[in-house]
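A structural walkthrough
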Amino acid sequence: MGMTEGFSLDLTSLQQRYDRGSVTVRQVIEMILADLEKRGADGVWLSVAPADRLFAAAERLQQRRAAGEKLPLFGVPFAVKDNIDVAGLPTTAACPAFAYTPDVDAAVVARLQEAGAIAIGKTNLDQFATGLVGVRSPYGVPRNPFDGRLIPGGSSSGSAVAVANGQVSFALGTDTAGSGRVPAAYNNIVGIKPSPGLLSARGVVPACRSFDCVSVFALTAADGARVAELARGYDAADPFSRREADALPVELQPAPPTFRFGVFPEHDLDFCGDERSRAAYGTALEKLRGLGGSPVTVDPAPFRAAGALLYGGPFIAERLEATGDLLEKWPDALLPTIRALMHDAARNDAAQTFKAIHRLRLLRRQVEAILPAFDFLVVPTAPTIYTLAEIEAEPLRLNFTLGTYTTFVNLLDLAAVAVPAGLRGDGLPFGVTFVGAWGQDARLAGFADRLHRASTETLGATPFRLSETPTPSAGGVAISSLRADWLSVAVVGAHLSGEPLNHQLTDAGAVFVRATRTAAAYRLFALPNTTPPKPGLTRAGPDSVGATIDVEVWSLSPAAFGNFVARIPAPLAIGKVELEDGARVSGFLCEPHALGAARDITSFGGWRAFLRTSA
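Further remarks concern the sheet that holds strand S6 (residues 213-218). Pairing is mixed across the open sheet formed by eleven strands, whose spatial order is S1-S3-S2-S4-S6-S5-S10-S11-S9-S7-S8. Both outer strands of the open sheet, strand S1 (45-48) and strand S8 (293-297), are each paired with one neighbouring strand and no more. Strand-to-strand twist across the sheet, computed as the mean angle between neighbouring axes with direction ignored, equals 30°. As judged from the five bridges shared by strand S7 (residues 259-263) and S8, these two strands associate in the parallel manner. Within S8, the residue paired with Gly262 across the bridge is Val296.

This is the structure we're talking about:
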């Protein structure tokens, strides 16, 4: 649609057109429907809402807006993976014998439509969301827009291709083992895999309910995070929903200027012999270094052990929740590959399951101890990409290899953002995934956005440029992430981004606001006998000359601020620090009595500059 009509459907571009009055919601719907008719049966869409229903929805939105209602997704068209309910449209899970027509929307669909978005229709998938390939459907295979001989990725194949082709602004998918990430990599788009329990799964056909997440495909990280922000929320009717979902912001936060990123050792990386993917991953790491990142080597063992439990352990038996009756009564309703997997799943017993649960709890503890060492882990989203013929020849083994860097994420209760990282040497898209602790969604999106903009120019498979959709700069914060009652704190040493104690801020949900300098009235000292090493900031006295010192301003909720301050050890304290623009914020200061034996490092202009010269 975007290609034929001359403009992108990313949120910023579309909203600007609506605000200028250069296009109406009805006109956007008409263009989408015309594009769908032109493309014909391409394996992407399984059902489309009737035109009169869509036009009626457009009219209601115009009325709501005219009445003064705030609609953050006004007139934004989206697609829904066909294992997520949309009232009045069939839910098939790519299995005709399973199909039903729900009377109510899935919780996330209802939230997004309340925000002004319009569900255009339902998209294809690997049957019962079982697969990372995107070819296991009786309704055909969505064509990979970069090379029709290649798989589109699954299981959320139709949703990803619809976004990549510019047919909708965003699409909902699901992600258990990587279904919201692998298709993003193969289609040059962003895949937001939220922290488990942030988006309700009520109204979603389960794959493995214990680990299922509703995911978001979008053209940019900012768009995906914005949609996730509006879709999140606690749902008492979903037993896996988290109460924190009502309070935890997930909209993109600008990334701090320096950071640490975790990487697996190079000798432990497996690209299935694909040297183009290996080279593209190396290029992405170099770009992260150029953006201010420092790599931290991470032991892959607990991550891989967790990932192996999903396909190689008894958890796969949970897939029988949706397919068990069909397997028993109408096995031919399942595709041969799916039927074989379900037969294997049925062989697991309770003792094996409890053993795996206990093993997984231990692995989660091990990973929890690793995560504070870096801001995020960055891995290839997929080790390689296969042709349709290769998958047809080896449907199971090759599918499993595609989950090398994705299957562990949900089992370990982590958040992830899959993002384009440029094109490989053969012109195919390559993607990496940023993985972080539960609740770090907003920060991950900010880091991912920086790499995306440093790596590529185009949106999906469209001709439109990424630079045409600006996101907040490092001098601003996401609208919903910084609330009026939150408190700012200026940090000067070990709590700076990328430094050893920064995790105390991020673990508390702090939001990076900006990098700046103090007024020219301060002295900085390196305090002796501190672990990790720390500086002391003090206001210059009458007998000394002050200077500007590098600081970062972060913001916390009142409760988090209080807990953070309570942990600060003497001789450090919190007082008012004057910034170079005249603003006064709470910030780290040092008691004067501790400076007698300290080294004056004011001339370096900041803690990082001092560390660089003393390394």
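Within this structure, the stated rule accounts for 28 salt bridges. Put simply, Asp426 and Arg424 hold a salt bridge, and the shortest N to O gap is 2.6 Å. For Arg424, a relative accessible area of 9% corresponds to the buried category. A salt bridge links Arg517 to Asp550, with the nearest nitrogen and oxygen atoms 2.3 Å apart. Here the residue Arg517 occupies a position in strand S13 (residues 511-517), and Asp550 occupies one in strand S16 (residues 550-556), the gap between them amounting to 33 residues. Taking relative accessible area as the criterion, Asp550 reaches 34% and is therefore assigned partly exposed. When salt bridges that share partners are traced, they join Asp274, Arg276, Arg424 and Asp426 into one network.

Moving on to the confidence of the model for the chain. Any residue range with low pLDDT should be treated as having predicted coordinates unsuitable for detailed reading. Mean pLDDT over the chain works out to 93, with 96% of the residues at or above the 70 mark. Across residues 471-481, confidence stays below pLDDT 50; counting only partners more than four residues off in sequence or on other chains, it has 32 contacts.

Moving on, we get to the side chain of Thr602. Within the secondary structure, Thr602 sits in the loop between strand S19 (599-600) and helix H20 (607-614). One polar contact links Thr602 to Asp600, side chain to side chain, over a distance of 2.7 Å. Contact partners of Thr602, with chain neighbours within four places excluded, come to Tyr522, Arg523, Leu524, Ala547 and Ile549.

Criteria and cut-off values
- Residues numbered from 1 in each chain as written.
- Predicted model: local features only at pLDDT ≥ 70, side-chain atom pairs only at ≥ 80, totals over all residues.
- Heavy atoms only, no water.
- Pairing = 2+ DSSP bridges.
- Helix = DSSP H or I, 4+ residues; strand = E, 2+ residues; numbered from the N terminus.
- Axes fitted to C-alpha atoms, helices over the stretch in contact; angles between N-to-C directions.
- Salt bridge = Lys/Arg side-chain N within 4 Å of Asp/Glu carboxyl O.
- Buried < 20%, exposed > 50% of the residue type's maximum accessible area, 1.4 Å probe, protein only.
- pLDDT = per-residue confidence, 0-100.
- Contact = heavy atoms within 4.5 Å.
- Polar contact = N/O pair within 3.5 Å; in protein donor to acceptor, adjacent residues only side chain to side chain.

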